[in-house]
Amino acid sequence: MPPAPDALFQIANPVALLGWLALALSPLAPRLTQMVAGLAIPLALAVLYAALILAHWSTAPGGFGSLSQVMALFTSPPVALAGWVHYLAFDMLVGAWIARTAARESISHLLVLPCLALTFLFGPIGFLAFSTLRALSRHPGAVA
Amino acid sequence: MTIALSRPDPLSRLWHDAPGYTWLGLLLVAALVPLTAALILDGRMFQGDPVWQKPLKFHVALSVYLLTLAVYARFMPDAMRPRRWRIFGGVIIAAILFEVLWIGAAAALGTASHFNESSVVWIALYAMAGIGAVTLTSASLAMGISIARNRETGLPPALHLSLWLGLVLTFVLTVIVAGTLSANGTHLVGMAPTGAQVPILGWSREVGDLRVAHFLATHALHAVPLAGLAASRLLPARQATLAVIAASLGYSALVLGTFAQALAGQPLI
């Protein structure tokens, strides 16, 4: 029997958490953090995503054409899991980019931390927050 | 590429001699990772086997084929590297990509690739795949002829002979066996009562299986040069050449013997 979607969910989440922990502590080991959260974990999640799509896409209901089709798509547990893994992988890539960009532009990590937390929980809001922080940091007389 | 060339990397030679074949060969190897994950996650079966087993086998087989050709490419004359050869290489790569995408798509849909006559589209795709299969096999014929013409390989004569004979035999024997296999409508000759198989290779242990001869025919490009390598190390030049000719005849007899055995409805073992 292939592993159940629930079991895979239980594995994928702690793996992603590990990556976010590394990002939170990224000033301690920036290069290692980028290797783990910017490459290794997203690649592992991408393999899982690819396998789920290969295995389940052709038999899934719904599609991309309308909101109700997308909702129908997510009624299939393995496809919903694939969607979740997609969030985990791409949110982490954005998190790694934030850590990298902040380090390059000497933005205080204390200010970056809430952006990482927002990216972890609500992806695009974290991106919005960090972009704002970045714009403000560039301004002459900025606190950061 | 520059990185690969700057260190003593065995791949750098392959990149240099046959960039297209090396590129696609390594791409097919990389694709084994998601395909293996799909094999683990997908519970669907097709004709008694997991649906992703066939794409995996074809990826392994075609990457071995491409990387073997990339290794042998160094023995082609330098004059064989102009535009015409690059266009031919591009056609081979397109044929192989078509083959793996077709087999992978059929697996994703849980249906047959070869012998699929369920709709006009699948019939058309199977016909195109047949043309693609002959095309991709012709890469070994073309390389065999080109190596045969090259008088400056620096190889012992027996090894040189075995190299191009193996490549040409791969084409000739595979086209004979696979053409018959395709016309047969299924790889089995006879009804298999339980479906017992040889491990990994999956050949029937109960009835004739034409894939045995297909497998051996396609591996002539390994078997004959291996015999040539042994002969050129162990024997004086004259006898080594005779040994290569004998090995080629013997290997062809083995292929045709297993072919006849399968056609008679008998399993290999």
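All values reported here derive from a predicted model rather than from experimental measurement. (Residues numbered from 1 in each chain as written. Chains lettered and ligands numbered in written order. Predicted model: local features only at pLDDT ≥ 70, side-chain atom pairs only at ≥ 80, totals over all residues.)

Novice: Honestly, the overall build of chain A in this entry has me stumped. Any pointers?
Specialist: For chain A, the count of helices and strands is 5 helices and 0 strands. Scanning chain A from its N terminus toward the C terminus, one meets helices and strands in the order α-α-α-α-α. Based on the C-alpha atoms only, the size of chain A along its principal axes is roughly 55 × 35 × 20 Å. Within chain A, buried positions represent 33% of all 144 residues. (Helix = DSSP H or I, 4+ residues; strand = E, 2+ residues; numbered from the N terminus. Buried ≥ 20, exposed ≤ 12 C-beta atoms within 10 Å, placed from the backbone.)

Novice: Whenever I open this one, the overall build of chain B confuses me. Can you help?
Specialist: When helices and strands are counted, chain B shows 11 helices and 4 strands. For 269 residues, the compact-globule estimate of 2.2 N^0.38 gives 18 Å, and the C-alpha radius of gyration of chain B, at 20 Å, lies within 12% of that figure. Here chain B, with 269 residues, has 39% of them falling under the buried criterion. In chain B, the proportion of contacts linking residues at least 24 apart, taken out of those at least 6 apart, comes to 72%. (Rg over C-alpha atoms; globule rule 2.2 N^0.38 Å. Contact = placed C-beta atoms within 7 Å.)

Novice: Just to check I follow, could you spell out the interface of chain B and chain A for this structure?
Specialist: Frequently, the measure chosen for interface size is the accessible area removed from exposure when the parts meet. Residue-level contacts link 11 residues of chain B with 12 residues of chain A. Sorting elements by how many residues they give to the side of chain B that touches chain A places helix α4 (residues 32-41) of chain B first, with 6 residues. Of the residues assigned to the side of chain B that touches chain A, the class counts are 8 nonpolar, 2 polar and 1 charged. (Nonpolar A, V, L, I, M, F, W, Y, C, P; charged D, E, K, R; others polar.)

Novice: Help me understand helix α5 (residues 53-72) of chain B, please; the structure alone is not making it clear to me.
Specialist: An α-helical turn contains 3.6 residues, so any two residues separated by three or four positions project in the same direction. For α5 of chain B, built from 20 residues, the straight-helix expectation of 28 Å at 1.5 Å per residue is met to within 8% by its first-to-last C-alpha distance of 29 Å. Of the positions making up α5 of chain B, those classed as buried are K54, P55, F58, H59, S63, Y65, L66, L67, T68, L69, A70 and Y72 of chain B. (Expected span 1.5 Å × (residues − 1).)

Novice: Looking at this structure, how should I read the confidence of the model for chain B?
Specialist: Interpretation of this model should avoid reading the predicted coordinates in detail wherever pLDDT is low. All names here are of chain B. With 96% of its residues at a pLDDT of 70 or more, chain B has an overall mean of 90. The low-confidence segment residues 1-5 (pLDDT under 50) makes 6 contacts with residues lying over four places distant or belonging to another chain. Reported for the predicted complex are a pTM of 0.87 and an ipTM of 0.80. (pLDDT = per-residue confidence, 0-100.)

Novice: Is there a simple way to explain the domain arrangement of chain B in this structure?
Specialist: Residue and element names in this part refer to chain B. When the domains of chain B are assigned, the result is domain 1 (1-154) and domain 2 (156-269). The distance between the C-alpha centroids of domain 1 and domain 2 comes to 20 Å. Counting residues at the interface gives 17 residues for domain 1, matched by 16 residues for domain 2. Counting residues per element, the ones that place at least two in the side of domain 1 that touches domain 2 are α5 and α7 (120-149). Among the elements that line the side of domain 1 that touches domain 2, the one with the most residues is α7, at 11 residues. (Domains from an automatic or database assignment.)

Novice: Is there a simple way to explain the environment of F75 of chain B in this structure?
Specialist: Note that F75 of chain B resides in the loop between α5 and α6 (83-108). Sequence separation between F75 of chain B and R233 of chain B is 158 residues, and the spatial gap between their C-alpha atoms is 19 Å.

Novice: What is the right way to look at the packing of helix α8 (residues 157-184) of chain B against helix α11 (residues 237-263) of chain B in this model?
Specialist: Geometry of a packed helix pair, given as the angle between the helix axes and the separation of the axes. Residue and element names in this part refer to chain B. Between α8 and α11, the least distance of the axes is 10 Å, while the angle of their chain directions is 15°. The orientation of α8 with respect to α11, classified from their angle, is roughly parallel. Crossing of α8 over α11 shows right-handed handedness. Of the residues in α11, those in contact with P157, A158, L161, S162, L165, L169, L173 and V177 of α8 are A237, A240, T241, V244, S248, S252, V255 and F259. When the residues that make up the contact of α8 with α11 are grouped by side-chain class, the tally is 12 nonpolar, 4 polar and no charged. (Axes fitted to C-alpha atoms, helices over the stretch in contact; angles between N-to-C directions. Parallel < 35°, antiparallel > 145°, perpendicular 65-115°, else oblique. Left-handed = near helix turned anticlockwise from the far one by under 90°.)

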